[in-house]
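# Structural overview for review
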Amino acid sequence: MDSYELLTRNAEEVVTDEEVRDLAEDPAGKRAYVGYEPSGVLHLGHLLTANKLIDLQDAGMEVVILLADVHAYLNEKGTFEEIRETAEQMKAQFLAYGLDEDNAEFVYGSEFQLEEEYTLDLHHLERETTMNRAQRAMAEIQGDETAKVSHLVYPLMQTLDIEYLDLDLAVGGLDQRKVHMLAREKLPDLEYEVRPALHTPIVADLTSGEGKMSSSEGITISMEDSTADLEEKVNAAFCPPTRDPEGDLENPVLELFEYHVFPRFDEIVVERPEKYGGDLTYEEYEALAADLESGELHPADAKGTLATYLDELIAPGREKLREIRD
Ligand code: IYR
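Residues numbered from 1 in each chain as written. Predicted model: local features only at pLDDT ≥ 70, side-chain atom pairs only at ≥ 80, totals over all residues. Heavy atoms only, no water.

The name that an unreviewed UniProt entry assigns to the protein chain is Tyrosine--tRNA ligase, with the source organism given as Natrinema ejinorense. The record in UniProt for the protein chain states the following under Catalytic activity (unreviewed entry): "tRNA(Tyr) + L-tyrosine + ATP = L-tyrosyl-tRNA(Tyr) + AMP + diphosphate + H(+)". (UniProt positions renumbered as here; feature names shortened; annotations may be inferred.)

Okay, structure coming up:
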């Protein structure tokens, strides 16, 4: 796979394609980042962007993981001490998941976001940005809560992070796109450079195939799940025999194969008894999706296989969490 393909595979949006093509010409040593509001346990949403970080490391880039403690504080995720503690656990799980430690830098937001220069730049951005513009940028991150002043400061700080961490690429889920667009619009006002962004898709809710999978609503899969939990959740998943169910529905089982399993394994084996046709081996997502559609692969076999591979992916992180908690 060439660098451009590695950088962009499974990305839902690339801003702009031309800028990312330039970066792909010579990615060695360039810096990309994802920021996470610390939470104690990683779930598949975190792992989707982590997969992209692993792709970027494979392409030779350095990755920066921002443990966004100040952002989590602004977004009312707990006391500052609680947030710091969960950030440490998060870092351990990311490493267990397979990020290459030699090419990964973990930074706490509070290490640089409380400095005088950053604060003055933040106030400069506040002067350049209407409340309406900041609120729009924050809509998908904030959820349904009534906007507080902290929710307006949040996207402006995220904008500055891109400059202060000296980055060449910002990565995030599609829910971060409006903040990245704000950053592209506003950084030039402070005479800072505009950087490209990559956005990963949002996976549909596991049981309904609608909306998005999230830890706050519905079912999500996390580093805390036991093998039995995983089997149970995947078995209950919505899995029509098509990749494009009608209306706004998605096939979450296929999405998990596409975004979580195939990027991390060279080969997927569906184990089946001889009397049901024997094992099936896939090197590419497309072949598996086509077999599900044609009926060659039964949804129950697809689910069983998905649970096995997801279990393998989360097992090291689950072990780490156990060690931390004991
Ligand atoms: N807004 C992210 C957290 C976050 C991301 C980046 I990239 C930052 O520079 C700061 C915060 C979230 O929704 O989790």
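There's plenty left to go through after this.
Let us now look at the packing of helix α7 (residues 131-142) against helix α8 (residues 149-164). The geometry of α7 relative to α8 is characterised by a closest axis approach of 8 Å and an angle of 85° between their N-to-C directions. Comparing their axes, α8 and α7 come out roughly perpendicular. Contacts between α7 and α8 involve M131, A134, Q135, A137, M138, I141 and Q142 from the first element and H151, L152, Y154, P155 and Q158 from the second. Residues that form the contact of α7 with α8 fall into these classes: eight nonpolar, four polar and no charged. (Axes fitted to C-alpha atoms, helices over the stretch in contact; angles between N-to-C directions. Helix = DSSP H or I, 4+ residues; strand = E, 2+ residues; numbered from the N terminus. Parallel < 35°, antiparallel > 145°, perpendicular 65-115°, else oblique. Contact = heavy atoms within 4.5 Å. Nonpolar A, V, L, I, M, F, W, Y, C, P; charged D, E, K, R; others polar.)

Right, let's talk about the environment of E267 for a bit. Of note, E267 is situated in the loop between α11 (252-261) and β7 (268-270). For the pair E267 and Y282, spaced 15 residues apart in sequence, the C-alpha to C-alpha distance is 5.6 Å. Residues contacting E267, with those up to four places away along its chain left out, are T281, Y282, E283 and Y309.

With that out of the way, let us pick up the site of the ligand. Taken together, Y33, G35, E37, L66, A68, H71, I141, Y154, Q158, D161 and Q176 are the residues near the ligand. In the model, a nitrogen atom of the ligand is placed 3.0 Å from a nitrogen or oxygen of the Q158 side chain. In the model, an oxygen atom of the ligand is placed 2.6 Å from a nitrogen or oxygen of the D161 side chain. Summarising the interface, the protein chains cover 91% of the accessible area of the ligand, which totals 390 Å² for the free molecule. Among the detected pockets, the ligand sits in the largest pocket. For the shell around the ligand, the secondary structure elements donating two or more residues are β2 (31-36) and α8. The biggest single contributor to the shell around the ligand is α8, with three residues. Looking at the shell around the ligand, its residues break down into five nonpolar, four polar and two charged. (Near = heavy atom within 4 Å. Polar contact = N/O pair within 3.5 Å; in protein donor to acceptor, adjacent residues only side chain to side chain. Areas by Shrake-Rupley, 256 points an atom, 1.4 Å probe, with all protein chains shown as cover. 1 Å grid on protein atoms, 1.4 Å probe; cavity = no way out; pocket = protein on both sides within 12 Å on 5 of 7 lines; lining within 4 Å. Sits in = over half its atoms within 2 Å of the grid points.)

Taken as a whole, α7 has its buried residues at R133, A134, A137, M138, I141 and Q142. Axial view of α7: buried residues confined to an arc of 155°, hence all on one face. Where α7 is buried, its residues meet α8 and α9 (177-186). Taken from the residues just after α7, G143 is the one with a positive phi, measuring 75°. (Buried < 20%, exposed > 50% of the residue type's maximum accessible area, 1.4 Å probe, protein only. Arc of directions from axis to C-beta.)

As annotated in UniProt, the feature "binding site: L-tyrosine" (unreviewed entry) corresponds to Y33, Y154, Q158, D161 and Q176 in the numbering used here. Those annotated residues from the list above that line the largest pocket are Y33, Y154, Q158, D161 and Q176. Relative to the helices and strands, D161 resides in helix α8. Relative accessible area serves as the criterion here: at 0%, D161 is assigned to the buried category. Residues in contact with D161, not counting those within four places in the same chain, are Y33, L66, H71, F112, Q113, Y118 and L167. Its location among the elements puts Q176 in the loop between β5 (169-173) and α9. Those residues in contact with Q176, other than ones at most four positions away along the chain, are I141, Q158 and H199.

Here we come to the pairing of β2. The buried count for β2 comes to five of six residues, which makes it a mostly enclosed element. Direction of pairing for β2 relative to strand β3 (residues 62-67): parallel, over a ladder of six bridges. Note that in β3 the partner of A32 across the bridge is V63. Alignment of β2 against β5, held across two bridges, turns out to be parallel. Its bridge partner being in β5, Y33 is matched across the sheet by A170. (Pairing = 2+ DSSP bridges.)

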